[in-house]
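Below are the chains, spelled out letter by letter.
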Amino acid sequence: QKRDPHEPEFHQAVQEFLESITPVLTRHPQYMKHGILERLVEPERSISFRVPWVDDAGNTQVNRAFRIQFNSAIGPYKGGLRFHPSVYLGIIKFLGFEQIFKNSLTGLPMGGGKGGSDFDPKDKSDQEVMRFTQSFMTELYRHIGQDTDVPAGDIGVGAREIGYMFGQYKRIHGGHAAGVLTGKGLLYGGSLARKEATGYGCVYFVQEMLSSNGASFKDSKVVISGSGNVSIYAIEKAQQLGAHVIACSDSNGYIHDPQGINLATVKRLKETERLRISEYVKEHPHAEYVEGCSGIWSLPCDIALPCATQNELDLESARTLILNGVKAIGEGANMPTTLQAVELFLENQVLFAPAKAANAGGVAVSGLEMSQNSMRLSWTFEEVDEKLQVIMKNIYSSTVQAAEDYGVAGNLVAGANIAGFLKVADTMLAQGIV
Ligand code: NDP
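Remember, it's a predicted structure, so these values are computed and weren't measured experimentally. Residue positions are counted from 1 within each chain, in the order its sequence is given. Whole-chain, interface and lining totals are the exception, using all residues; otherwise, since this is a predicted model, local features are given only for residues with pLDDT of at least 70 and side-chain atom pairs are given and counted only at 80 or more.

*Asks:* How do you make sense of the sheet that holds strand E6 (residues 221-224) when you look at a structure like this?
*Replies:* Strand pairing in a sheet takes place through backbone hydrogen bonds and is either antiparallel or parallel in direction. With respect to topology, seven strands assemble into an open sheet ordered E9-E8-E7-E6-E10-E11-E12, the strand pairing being mixed. Every interior strand has two partners, whereas the edge strands, strand E9 (288-291) and strand E12 (351-353), have only one. Going from strand to strand, the sheet's axes swing by 15 degrees on average, the running direction of each strand aside. Strands are treated as partners if at least two bridges between them are detected by DSSP. Runs of E in the DSSP output that reach at least two residues are strands. Runs of H or I that reach at least four are helices, and both are numbered from the N terminus. As judged from the two bridges shared by strand E10 (residues 303-305) and strand E11 (residues 328-330), these two strands associate in the parallel manner. Paired with Ala-304 across the bridge in E11 is Ile-329. Most of the contacts of helix H7 (residues 194-212) go to E11, to which it runs at about 150 degrees, and overall it touches E10, E11 and E12. For helices, the fitted line uses only the C-alpha atoms of the stretch in contact; every axis is such a line through C-alpha atoms, and the angle between N-to-C directions lies from 0 to 180 degrees. Once C-beta atoms are placed from the backbone, any two residues with those atoms within 7 Å are in contact.

*Asks:* How do you make sense of helix H8 (residues 229-240) when you look at a structure like this?
*Replies:* Helical geometry: 3.6 residues make up each α-helical turn, so side chains three or four residues apart lie on a common side. A helix is expected to span 1.5 Å for every residue after the first. For H8, which comprises 12 residues, the first-to-last C-alpha distance of 17 Å matches the rise-based estimate of 16 Å (1.5 Å per residue) to within 8%. Field definition: a residue is buried when 20 or more other C-beta atoms are found within 10 Å of its C-beta, exposed when 12 or fewer are, and partly exposed for counts in between, with C-beta atoms placed from the backbone. For H8, the tally of buried residues reaches nine of 12 residues, placing the bulk of the element in the interior. Within the sequence span of H8, burial applies to Asn-229, Val-230, Ser-231, Ile-232, Tyr-233, Ala-234, Ile-235, Lys-237 and Ala-238. Against H7, E6, strand E7 (244-249), helix H9 (263-272) and E10 lie the buried residues of H8. Following H8 by one or two positions, Gly-242 adopts a phi angle in the positive range, close to 90 degrees.

*Asks:* Looking at this model, I keep getting lost on helix H1 (residues 8-27). Mind explaining?
*Replies:* For H1, with 20 residues, the first-to-last C-alpha span of 29 Å sits near the 28 Å given by 1.5 Å per residue. At any given residue, the bend is defined as the angle formed between two axes, one fitted to the seven residues that end at that position and one fitted to the seven that begin there. If you look at H1, its biggest bend is around 45 degrees, right at Ile-21, and the proline Pro-23 turns up within four residues after that. When we look at burial in H1, the residues that qualify are Glu-9, Phe-10, Ala-13, Glu-16, Phe-17, Ser-20 and Ile-21. Looking at the packing, one finds that the buried side of H1 touches helix H4 (89-105), helix H12 (339-347) and helix H16 (412-431).

*Asks:* What is the right way to read the domain arrangement of the chain from this model?
*Replies:* By a widely used convention, the size of an interface equals the accessible area lost when the partners come together. Each assigned domain of the chain is listed with its residue range as follows: domain 1 (8-176) and domain 2 (195-353). Contact with domain 1, which involves 10 residues of that partner, is made by seven residues of domain 2. For the side of domain 1 that touches domain 2, the secondary structure elements donating two or more residues are H1 and H4. The greatest single-element share of the side of domain 1 that touches domain 2, amounting to five residues, is contributed by H1. For the side of domain 1 that touches domain 2, the class distribution of residues is four nonpolar, three polar and three charged. These domain limits were set by an automatic method or by a database of domain assignments. Charged means Asp, Glu, Lys or Arg here, nonpolar means Ala, Val, Leu, Ile, Met, Phe, Trp, Tyr, Cys or Pro, and polar covers whatever is left, Gly included.

*Asks:* Quick question: what am I supposed to make of the packing of H7 against helix H14 (residues 361-375) here?
*Replies:* In a packed pair of helices, the relevant descriptors are the angle between the two axes and the axis-to-axis distance. Two numbers describe how H7 lies on H14: the axes approach to 7 Å, and their chain directions differ by 135 degrees. Overall, the two elements H7 and H14 adopt an arrangement that is oblique. In terms of crossing hand, the pair formed by H7 and H14 is right-handed. Only Gly-361, Gly-362, Ala-364, Val-365, Ser-366 and Glu-369 of H14 make contact with H7, whose side of the interface consists of Arg-194, Ala-197, Thr-198, Tyr-200, Gly-201, Cys-202 and Tyr-204. Considered class by class, the residues forming the contact of H7 with H14 number six nonpolar, five polar and two charged. Put simply, angles under 35 degrees are roughly parallel, angles over 145 are roughly antiparallel, angles from 65 to 115 are roughly perpendicular, and the rest are oblique. Note on convention: the crossing is left-handed when the near helix lies turned anticlockwise from the far helix by less than a right angle, right-handed when the turn is clockwise.

This is the structure:
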């Protein structure tokens, strides 16, 4: 905290992690002796650069961008790019730090990294987004590669942005190099089921957690925040499993549809027309739209899946959810629950699926996309989905096992941190002080 006093999100992520792994450090002093923690919290490389571009009115705009190459012990840096006005170094560091352990949990050989910019694609034309992403990639390209660092999407970076970035990378690099980005379009090296992977994976993980505790999604009432990539496919899978999803949101407000969210409408509004979620009630007048997004947690539900952004579920919202009888929380977004809210859920025996484990399905399928690119083949949707389900089940069992092994049985927050840490820490020991 002394070194980087203005990065509260990064401190929050590190604090949760350090508290969890205390029993590991007590049992294995070699990690402290070899400076594993000191090395883990310091990125291997931090890149910061300016992105100049020209808007539709002919004015020059300048954004700030980052790529944090956090840890490459177990594989090339891997992690998404976020375009959102709130992006600064501390946000990218928190995301990159979490990514190290999440990638480790998938069982695939991927290190941790993250990047992004304070550019806001929301109110920009396609041409502006293209000019920005081309300028962004003109600097980023020299730092990435299929064996060094493989970015993907995140908030504000979807198929359109990845497409423009890939086009620019290809042009500068001079070869197709499909493996340099994941989340690509299906026409040029993308993987089937990548779009669905984070949302589906989150629901698969929560399903494992529920079924181990004698419950299921079937006939349960579910609230899912956000209406972006993760949220939409979490809604889809939850509905396929028989859940009654009654609400979703965007950064302006939420919709409550007691008859169940009409996903086709949400997909069209958000994926195709890029409109606000408030438009939903024009087509479904029995539903209500409420301004302000945190109110979504006041709706009584059995299962809540925060799938929008960091710290969207605070202590007060957690209290309300518990009073209303919530049984399980599954984090689709990264660090969506504040530290105090997580503690309250655990104290009240609410089943809690932490982001590192529950939302690892996206990066897992990105890893599968890299494999397909290297092998020059494409698996079917069913093949990828089956592998995703196996990976999520394995993450669940290794998380439960690690919690049991270190005396915190049932605490999946600690279990995920411990299981993710052990593999990275042992690899770092094996590779010496680098
Ligand atoms: P999208 O940009 O597709 O969607 C983000 C959603 O969250 C939108 O509905 C957006 O609303 C809403 N949102 C963004 N910021 C805020 C805010 N400050 N307050 C309330 N709502 C907000 O992003 P993704 O769905 O890809 O990502 C969502 C979360 O999941 C992030 O935490 C991301 O890091 C995490 N994640 C994503 C993965 C992926 O594969 N995409 C993988 C693993 C984690 P609006 O449209 O108004 O901006």
